[in-house]
Structure formats: structure tokens, C-alpha cells
Amino acid sequence: QVQLVESGGGLVQAGGSLRLSCAASGRTFSNYVMGWFRQAPGKEREFVAVINWNGGSTYYADSVKGRYTISRDNAKTTVYLQINTLKPEDTAVYYCAARRGSWLSTSERDFSSWGQGTQVTVSS
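On a predicted model such as this, the values are computed, not experimentally measured, just so you know.

Peer 1: I'd love a proper account of the overall build of the protein chain, names of residues and values included.
Peer 2: A count of helical and extended segments in the protein chain gives 0 helices and 11 strands. Secondary structure elements in the protein chain, listed N-terminal to C-terminal, are β-β-β-β-β-β-β-β-β-β-β. Over its C-alpha trace the protein chain gives a radius of gyration of 13 Å, about what one expects of a compact globule, namely 14 Å for 124 residues. Each principal axis of the C-alpha atoms in the protein chain carries an extent, and together these give about 40 × 25 × 25 Å. Burial statistics for the protein chain: of 124 residues in total, 45% are counted as buried. Measuring between centres, the 13 positive side-chain charges of the protein chain sit 7 Å from its 9 negative side-chain charges.

Peer 1: Before we move on, can you summarise the side chain of threonine 118 with the specific residues and values?
Peer 2: By the secondary structure assignment, threonine 118 is in strand S11 (residues 118-123). Note on threonine 118: relative accessible area 9%, which makes it buried. Separated by 3.2 Å, the side chain of threonine 118 and the backbone nitrogen of glycine 9 make a polar contact.

Peer 1: Any details on the packing of aromatic side chains? Residues and values, ideally.
Peer 2: All chains considered together, the criterion is met by 6 aromatic pairs. Arranged with centres 5.8 Å apart and planes meeting at 75 degrees, the rings of phenylalanine 37 and phenylalanine 47 form a pair that is edge-to-face. Here phenylalanine 37 is found in strand S4 (residues 32-39), whereas its partner phenylalanine 47 is found in strand S5 (residues 46-51), with 10 residues between them in sequence. An aromatic cluster is built from Phe37, Phe47, Tyr59, Phe111 and Trp114, whose rings are joined through pairwise contacts. Taking NZ or CZ as reference, arginine 100 lies 5.8 Å from the ring centre of tyrosine 32, over its face.

Peer 1: Tell me about the environment of lysine 65, and please be specific about residues and values.
Peer 2: For lysine 65, the location among the structural elements is in the loop between strand S6 (58-60) and strand S7 (68-73). Taking C-alpha positions, lysine 65 is 9.0 Å from valine 48, a pair spaced 17 residues apart along the chain. For lysine 65, the side chain forms a polar contact with the side chain of aspartate 62, separated by 3.2 Å.

So, how was this worked out
- Residues numbered from 1 in each chain as written.
- Predicted model: local features only at pLDDT ≥ 70, side-chain atom pairs only at ≥ 80, totals over all residues.
- Heavy atoms only, no water.
- Helix = DSSP H or I, 4+ residues; strand = E, 2+ residues; numbered from the N terminus.
- Rg over C-alpha atoms; globule rule 2.2 N^0.38 Å.
- Buried < 20%, exposed > 50% of the residue type's maximum accessible area, 1.4 Å probe, protein only.
- Lys, Arg positive; Asp, Glu negative; His and termini not counted.
- Charge placed at Lys NZ, Arg CZ, Asp CG, Glu CD.
- Polar contact = N/O pair within 3.5 Å; in protein donor to acceptor, adjacent residues only side chain to side chain.
- Phe/Tyr/Trp six-rings, centres within 6.5 Å; stacked < 30°, edge-to-face > 60°.
- Lys NZ or Arg CZ within 6 Å of the ring centre and 35° of its normal.

Here's what the structure looks like:
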């Protein structure tokens, strides 16, 4: 398993940008597929993006494609989520998650480690 801590959330105006970070503990970060999920008020948690061990493969939910970018820096044991042109609909708690392995998954069932979440609130 791996310990994950998200940061970078906050209150931002619509049209702005944020970069969320997820710092991972341990020395085997490159062994994990990393994902981002979010949970909006009154809604179930949903998949956002996923990235493989070396960053060579990514996959995004249709709802965020074009505005969100997932990336990772294995030397810093950190995964990022860049969010551009923020909309009020992006308001949610954002979670990063880790799955040991090399294949991508969009299901939270396949991720064994989770961060505590970071709140993103977009005002208009």
C-alpha cells in the first residue's frame, strides 16, 4: 500500500485554473497506477482521470476531457491534476488513488489506497 496526501484545492473564480497535487509515501511509487476521482455535493464519487506507471498512457472521463490534464513525477513521487477553465460544475472533493499494477482502470473498486481529498470550490 501507499499513503497519499492531496493538496492544491481551494476557492477559485470560474475561468481560473488549479493544479492539484498528490504526494505519495514510500519508495515504490513507480509501481502504481494513479487515478483521480471526485465527489460533488449530493452525487456519487466519479472517475476523473488515470495514468500509468511511467506517464505514457492516460485516460479521462468525457466530462473533463480537454480541460483536465493528469501527470506524474516519479522522482518526486507525486501525481498532478491540472484543471483549466474551471466551471462551477467542477466543485467537488477531489481524491487521488493508487493501484498496484500496470493496467489502467476507471473503477474505484480497483484502487486500494486513497487520499483524504482536497476541496475545490468554483465561484461564479
